[in-house]
Amino acid sequence: MGYFCFRDKMKAIAVDIDGTLTDEERKINLDAVREIRRIMDKGVRVVLATGNITCFARSVSTMIGTNEPVVAENGGIVEVKDGEKHVLGDKRECNRAFRFLREEIEINRFNDDRKTEIALGKELDIEKARRLISDFDVELVDTGFAVHIKCKDVSKGKGLVKAASLMDLDVSDFIAVGDSMNDIELLKVAGVGVAVNNSPSQLKKAADHVCRSEFGEAVIEAIDYFF
Ligand SMILES: O=C(O)COP(=O)(O)O
Ligand SMILES: [Mg+2]
């Protein structure tokens, strides 16, 4: 089935922030924002799905101009615009793993108020850390911007399922665009999963479509292709 079959069928897009809407320095691509606003004007609904903390996700969403739920903390939180929060993760096991890890190796924890996970500086020796906390029911996800200690059953994919139901949509109505390993479930649950070209090969393999371009240019490419 060709991708053109999806044209006019897709109702919504879920977009990752860092490395997808932004470049590697976290500068947002304004042309991609313009493109997102253009399809919003046509009635396409836009959800941001990010590993960032909820207030950051909400701020970016507000400034782009979407009033839809945001998926934050890698799917641990889905927040509706009026501030109603759906908590899909449990931080306790992350805390236990973190306390154990900090006894063993030096780690730099983000000083923020995450509700369902813990974010660490990306300079961490991730393979060593994974071995050290392998007995805990958590996983480490490296996004290229941070390393997250998150519950195994939390994902942006589950977050999108929740967001879609709050929007009276189905996840299959969504195209999802992402750049890193915290996007893999997001790309898998969506109707069409799109990896930007700066994604690791594992994400590209999980995607239905891999963009030729990188970062925000790839968001523009995906929108032009699918909407
Ligand atoms: O929080 C991160 O580490 C990356 O954020 P992202 O999911 O928006 O790319
Ligand atoms: Mg990203």
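Conventions we followed
- Residues numbered from 1 in each chain as written.
- Chains lettered and ligands numbered in written order.
- Predicted model: local features only at pLDDT ≥ 70, side-chain atom pairs only at ≥ 80, totals over all residues.
- Heavy atoms only, no water.
- Pairing = 2+ DSSP bridges.
- Helix = DSSP H or I, 4+ residues; strand = E, 2+ residues; numbered from the N terminus.
- Near = heavy atom within 4 Å.
- Areas by Shrake-Rupley, 256 points an atom, 1.4 Å probe, with all protein chains shown as cover.
- Nonpolar A, V, L, I, M, F, W, Y, C, P; charged D, E, K, R; others polar.
- Domains from an automatic or database assignment.
- Contact = heavy atoms within 4.5 Å.
- Buried area = accessible area lost by both parts, 1.4 Å probe.
- Donors = N, O, S within 2.8 Å, 3.2 Å for Na, K, Ca; no water.
- Buried < 20%, exposed > 50% of the residue type's maximum accessible area, 1.4 Å probe, protein only.
- pLDDT = per-residue confidence, 0-100.
- Axes fitted to C-alpha atoms, helices over the stretch in contact; angles between N-to-C directions.

### Description of the sheet that holds strand β10 (residues 192–195)
As summarised here, the arrangement of the five strands in space is β2-β1-β9-β10-β11, forming an open sheet in which the pairing is parallel. Of all the strands in the sheet, just β2 (45–48) and β11 (209–210) have a single pairing partner and so form its edges. As judged from the four bridges shared by strand β1 (residues 12–15) and strand β9 (residues 174–178), these two strands associate in the parallel manner. Residue pairing across strands places Ala14 opposite Ala176, the latter belonging to β9.

### Description of the site of ligand 1
The environment of ligand 1 is made up of Asp16, Ile17, Asp18, Thr50, Gly51, Asn52, Thr143, Phe145, Ala146, His148, Lys156 and Asn182. Starting from 280 Å² of accessible surface for ligand 1 in isolation, the protein chains cover 98%. Considered class by class, the residues forming the shell around ligand 1 number three nonpolar, six polar and three charged. Residues from two domains meet in the shell around ligand 1; each of domain 1 (12–87 + 154–226) and domain 2 (91–151) gives at least three.

### Section: the domain arrangement of the protein
For the protein, the assigned domains read domain 1 (12–87 + 154–226) and domain 2 (91–151). Distance between the C-alpha centres of domain 1 and domain 2: 24 Å. Of the residues lining the interface, 18 residues belong to domain 1; the matching set on domain 2 comes to 13 residues. Between domain 1 and domain 2, roughly 1200 Å² of surface is buried when both sides are summed, and carbon and sulfur atoms account for 60% of that area. Here the side of domain 1 that touches domain 2 is composed, by residue class, of five nonpolar, seven polar and six charged.

### A short note on the coordination of the magnesium ion (ligand 2)
Protein coordination at the magnesium ion (ligand 2): the donors are Asp16 (OD), Asp18 (O) and Asp179 (OD), at 2.0 to 2.1 Å from the metal. On the primary sequence, the residues serving as donors to the magnesium ion (ligand 2) are separated as D-x1-D-x160-D. Pair noted here: Asp18 is in helix α1 (residues 17–21) and Asp179 is in the loop between β9 and α7 (184–189), with a separation of 161 residues, a long-range link. There is no split in this pair, since Asp18 and Asp179 are both buried.

### A word on the confidence of the model for the protein
In regions of low pLDDT, the predicted coordinates are not meant to be interpreted in detail. On average, residues of the protein score 95 in pLDDT, and 96% of them reach the 70 mark or higher. Under the prediction, the complex receives an ipTM of 0.99, its pTM being 0.96.

### Some details on the sheet that holds strand β6 (residues 118–120)
Ordered in space as β6-β8-β7, the three strands form an open sheet in which the pairing is antiparallel. At either end of the open sheet lies a strand with only one pairing partner, and these are β6 and β7 (138–142). Across the sheet, the axes of successive neighbouring strands diverge by a mean angle of 25 degrees, strand direction being ignored. Pairing of β6 with strand β8 (residues 147–151), which is carried by three bridges, proceeds in the antiparallel orientation. Directly across from Leu120, in β8, lies its bridge partner Val147. Lying over the sheet, helix α4 (residues 92–104) contacts β6, β7 and β8, oriented at roughly 135 degrees with respect to β8.

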